[in-house]
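So you can see what is in the structure, the chains are spelled out below.
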Amino acid sequence: MSDDLRAGFCAIVGLPNVGKSTLLNRVLGRRLAAVSAKPQTTRDRILGVHTVELAGERAQIAYVDTPGVQHGKGPLRRYMREAAFAAAADADVVLDARGLGDASRAKPLVIALNKIDRVAKPELLPVMEAWSGFTPGVEVVPISAAQGDNVELLERAIAQLLPLGPMLFPDEMVTDRSPQFIAQEIIREQLYHQLGKELPYACAVQVETWTEKSGEITIGAVIIVERDSQKGIVVGKAGHRIRELGIAARVALTEALGKPVHLSLFVKVLAEWSRGETQLRRLGYGGEAQ
Ligand SMILES: Nc1nc2c(ncn2[C@@H]2O[C@H](COP(=O)(O)OP(=O)(O)OP(=O)(O)O)[C@@H](O)[C@H]2O)c(=O)[nH]1
Ligand SMILES: [Mg+2]
């Protein structure tokens, strides 16, 4: 084993819904970023540090999961887009989950073709060849983030492109995000799973209270919507929907935090929260994307 360590940032960029956050969670072996079948689930940059030995070489890959690159108007969309481009601009390596974005051209690039569990092997080869032809000299790694196939191979390809140098973070560090932020993501993920097509995009989640006592965590969180009618849907008939959301979120939180969790969920209307810069900032989406 060599003493050399490669360390640097790898931005995970790509179109919405290609599995960027699933890959981050897979690599880290824990649930950090929200995942859903609906596009535009991720709203912010999320750092996930993986300090690992790959084929005898030590590496520290600081992944930055980003919102899927998409068009669209309004301050929240703009914030999401800027978060993705800024992460790519700051990175040592860009991992493009599927397609090429403008922001990635100036950096060493690795392409991950995800969801290979969905295609038959003979169909994969021509797709890989096409990508290799399109981006000569760029490693194209077919993976299944959901099942873990080839993920180590992908990490090796990324690590080789990182600069030699000291670790950027302590080796036990996984993220710079607070447990409160992760809890918000886990609750928001349930909104994407359980609410209809449009509604999750009108929701934000904020943890308001957090107390730890005798090894248990008690969390109070609000789901913020834009209109009274949306509040009615989130609460549901006789409070049925919010109860279901609470049950599923509590199970996921208990698993993610490794401690029993008590969760109280409330719904609050904050008119046009996604259109006002000040309100966005207050909810954590604002100023400089972090
Ligand atoms: N079959 C299959 N599904 C996958 C795989 N990876 C992710 N998915 C599914 O694809 C959907 C989108 O996954 P996400 O990880 O949220 O995708 P994303 O790129 O982070 O999406 P945005 O944050 O919206 O840009 C979810 O339903 C995942 O379960 C995979 O390897 N195989
Ligand atoms: Mg995502």
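The residue count restarts for each chain, going from 1 along the sequence in the order it is written. As they are written, the chains are lettered A onward and the ligands numbered 1 onward, keeping that order. Whole-chain, interface and lining totals are the exception, using all residues; otherwise, since this is a predicted model, local features are given only for residues with pLDDT of at least 70 and side-chain atom pairs are given and counted only at 80 or more. By convention in this description, side-chain values take in all heavy atoms of the structure and omit both hydrogens and water.

## A short note on the nonpolar core
Moving on, step 1. We call a set of buried Ala, Val, Leu, Ile, Met, Phe, Trp, Tyr and Cys residues a nonpolar core when their side-chain atoms join them within 4.5 Å. Accessible area is worked out with a 1.4 Å probe on protein chains only. A residue is then buried under 20% of its type maximum, exposed over 50%, and partly exposed in between. The biggest cluster of nonpolar side chains holds 55 residues, and the ones touching the most others in it are Leu95, Leu154, Ile158, Ile219, Ile223 and Val234.
Moving on, step 2. Runs of H or I in DSSP of at least four residues are treated as helices and runs of E of at least two as strands, each being numbered from the N terminus. A total of 6 residues in this core trace back to one element, the largest contributor, which is helix H5 (residues 179-194).
Moving on, step 3. Here, residues are in contact when the closest pair of their heavy atoms is within 4.5 Å. Excluding residues within four positions of it along the chain, Leu95 makes contact with Cys10, Ala11, Ile12, Val13, Leu23, Val110, Ile111, Ala112, Leu154 and Ile158.
Moving on, step 4. Leu47, Ala62, Ala91 and Trp131 belong to the second largest nonpolar core, which has 20 residues in total.

## What to know about the side chain of Lys20
Moving on, step 1. In this fold, Lys20 is placed in helix H1 (residues 20-28).
Moving on, step 2. This buried residue, Lys20, is left without a salt bridge; Asp65 holds the nearest opposite charge, at 5.7 Å. Counted as positive: Lys and Arg. Counted as negative: Asp and Glu, with His and the chain ends omitted from the count. When a carboxyl oxygen of Asp or Glu is within 4 Å of a side-chain nitrogen of Lys or Arg, the pair counts as a salt bridge.

## Observations concerning the environment of Cys203
Moving on, step 1. Tracing the backbone through its elements, the reader meets Cys203 in the loop between H5 and strand E7 (204-213).
Moving on, step 2. On the basis of relative accessible area, Cys203 is assigned to the buried category, the value being 0%.
Moving on, step 3. Excluding residues within four positions of it along the chain, Cys203 makes contact with Arg43, Leu191, Leu195, Ile223, Ile224, Val225 and Trp273.

## Some words on the site of ligand 1
Moving on, step 1. Around ligand 1, 22 residues are found, and the nearest of them are Lys20, Thr22, Gln40, Thr41 and Asp117.
Moving on, step 2. The term polar contact refers here to a pair of N or O atoms within 3.5 Å; inside protein, the definition further demands a hydrogen-donor-capable atom paired with an acceptor-capable atom, and it admits residues adjacent in sequence only when both atoms are side-chain atoms. Gln40 has a polar backbone atom sitting 2.6 Å from an oxygen atom of ligand 1.
Moving on, step 3. At a separation of 2.9 Å, an oxygen atom of ligand 1 approaches a polar side-chain atom of Lys115.
Moving on, step 4. Residue burial considers only the protein chains on display, and all accessible areas are found by Shrake-Rupley using a 1.4 Å probe. Considering ligand 1 on its own, with 650 Å² of exposed area, one finds that the protein chains cover 88% of that surface.
Moving on, step 5. Here the nonpolar group is Ala, Val, Leu, Ile, Met, Phe, Trp, Tyr, Cys and Pro; Asp, Glu, Lys and Arg are the charged ones; every other residue, Gly included, is treated as polar. Within the shell around ligand 1, the residues separate by chemical class into 7 nonpolar, 11 polar and 4 charged. Any residue with a heavy atom lying within 4 Å of a molecule or strand is counted as near it.

## Focus: the coordination of the magnesium ion (ligand 2)
Moving on, step 1. Listed as protein donors to the magnesium ion (ligand 2) are Ser21 (OG) and Thr42 (OG1); their distances from the metal cover 1.9 to 2.1 Å. Placement of Ser21 in helix H1 and of Thr42 in the loop between H1 and strand E2 (46-54) is noted, with a sequence separation of 21 residues between them. Only nitrogen, oxygen and sulfur atoms qualify as donors, provided they sit within 2.8 Å of the metal or within 3.2 Å for Na, K and Ca; with water excluded from the atoms, sites may seem incomplete.

## Considerations on unusual backbone geometry
Moving on, step 1. In the Ramachandran plot, Ala238 falls in the positive-phi region, its phi being about 50° despite a non-glycine side chain.
Moving on, step 2. A relative accessible area of 75% places Ala238 in the exposed class.
Moving on, step 3. The phi torsion at Glu272 lies on the positive side, around 55°, for a residue other than glycine.
Moving on, step 4. Relative to the assigned elements, Glu272 resides in the loop between strand E9 (261-269) and helix H8 (277-282).
Moving on, step 5. Given a relative accessible area of 43%, Glu272 falls into the partly exposed group.

## Quick word on the pairing of strand E8 (residues 216-225)
Moving on, step 1. Across the 10 residues of E8, 8 count as buried, placing the element largely inside the fold.
Moving on, step 2. Any two strands with at least two DSSP-identified bridges between them are counted as paired. As judged from the 9 bridges shared by E7 and E8, these two strands associate in the antiparallel manner. Among the inter-strand pairings, Val205 is bridged to a residue of E8, identified as Ile223.
Moving on, step 3. Taking the residues that link successive antiparallel strands as the turn, the E7-E8 hairpin has 2 residues, and the phi of Ser214 there is positive, at about 45°.
Moving on, step 4. Note: E8 against E9, 9 bridges, orientation parallel. When the bridges of E9 are listed, Val225 appears paired with Val269.

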